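Architecture at a glance
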Amino acid sequence: MESFFANSEWLSQDASLWTLAVASFLASTLLPLGSEAVLFAVLRLHPDASNAALLVATIFNTLGGMTTYSIGRFLAQRKPLKHVELTRRWGTPLLLFAWLPIVGDGLVLAAGWLRANWIAAALFQGAGRYARYWVVVESAAR
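Criteria and cut-off values
- Residues numbered from 1 in each chain as written.
- Predicted model: local features only at pLDDT ≥ 70, side-chain atom pairs only at ≥ 80, totals over all residues.
- Heavy atoms only, no water.
- Helix = DSSP H or I, 4+ residues; strand = E, 2+ residues; numbered from the N terminus.
- Buried < 20%, exposed > 50% of the residue type's maximum accessible area, 1.4 Å probe, protein only.
- Contact = heavy atoms within 4.5 Å.
- Areas by Shrake-Rupley, 256 points an atom, 1.4 Å probe, with all protein chains shown as cover.
- Core = buried A, V, L, I, M, F, W, Y, C linked by side-chain atoms within 4.5 Å.
- Expected span 1.5 Å × (residues − 1).
- Salt bridge = Lys/Arg side-chain N within 4 Å of Asp/Glu carboxyl O.
- Phe/Tyr/Trp six-rings, centres within 6.5 Å; stacked < 30°, edge-to-face > 60°.
- Lys NZ or Arg CZ within 6 Å of the ring centre and 35° of its normal.

For the protein chain, the count of helices and strands is seven helices and zero strands. Secondary structure elements of the protein chain occur, N-terminal to C-terminal, as α-α-α-α-α-α-α. Evaluated residue by residue, the protein chain yields a buried proportion of 42% over its 142 residues. The contacts in the protein chain between residues at least 6 apart in sequence include a share of 79% that link residues at least 24 apart. In the form shown here, the protein chain has an accessible surface area of approximately 8300 Å², with 68% of it arising from carbon and sulfur atoms.

Core analysis: the biggest nonpolar cluster contains 14 residues, and Leu20, Leu39, Leu43 and Ala53 have the highest contact counts within it. Sorting the residues of this core by element identifies helix H2 (13-27), helix H3 (36-45), helix H4 (50-74) and helix H7 (118-141) as the ones contributing at least two each. With near-sequence residues (within four places) excluded, Ala53 lies in contact with Leu17, Leu20, Leu39, Val42 and Leu43.

Every α-helix winds through 3.6 residues per turn, so residues three or four apart in the chain are directed the same way. In this model H2 runs 21 Å from its N-terminal to its C-terminal C-alpha over 15 residues, within 8% of the 21 Å that 1.5 Å per residue would give. Lining the buried residues of H2 we find H3, H4 and H7.

Let us look at the pattern of salt bridges. Side-chain pairing between opposite charges can occur once the charged atoms of the two side chains come close. Taken as a whole and assessed by the stated rule, the structure comprises two salt bridges. Arg88 is the salt-bridge partner of Glu85, the closest N and O atoms lying 3.2 Å from each other. Within this pair, Glu85 and its partner Arg88 are both found in helix H5 (residues 84-90), separated by three residues, close to a single helical turn. Since its relative accessible area comes to 48%, Arg88 is described here as partly exposed.

A separate point is the packing of aromatic side chains. Inspection of the entire model under this criterion finds one aromatic pair. When the centroid spacing of 6.5 Å and the interplanar angle of 65° are considered together, the rings of Trp18 and Phe60 count as edge-to-face. With Trp18 in helix H2 and Phe60 in helix H4, this pair connects stretches of sequence that are 42 residues apart. The residue whose ring lies beneath Arg132 is Tyr133, and the NZ or CZ to ring-centre distance is 4.0 Å.

With respect to the helices and strands, the residue Thr92 is situated in the loop between H5 and helix H6 (103-113). Under the relative-accessibility criterion, Thr92 is labelled buried at 14%. If near-sequence neighbours (up to four positions away) are discounted, Thr92 is found in contact with Ala116, Asn117, Ala120, Ala121 and Phe124.

Below you can see the structure in the form of structure tokens.
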């Protein structure tokens, strides 16, 4: 069965990386999805693509996070969001934890709501997301 999937046209390395890009982007928006399983599957099918997969997952997951940041930035400033005080206290370095399920989306949304520096928000998110995906890549290589 594995050879069937490995030889399928629709699971070429390019198609796998595009699937990973979409999954990574959607997983970091307010949608409740996970991209680690997709990354793990891509690495199992294409072990030689680990560097490309790590970069694709990190970049698209960060772009999805910046979409959530933008949503927070354009929300009406009437009522504070749940994670605002935490984000206000610790600032953009807290976005190293943007990859955490449920909590991470709130932190990113709050950073946008607070109008935190978008470059710092992107860099801290990217660093945390890279570290998380690096752990997945390392575990898939074993």
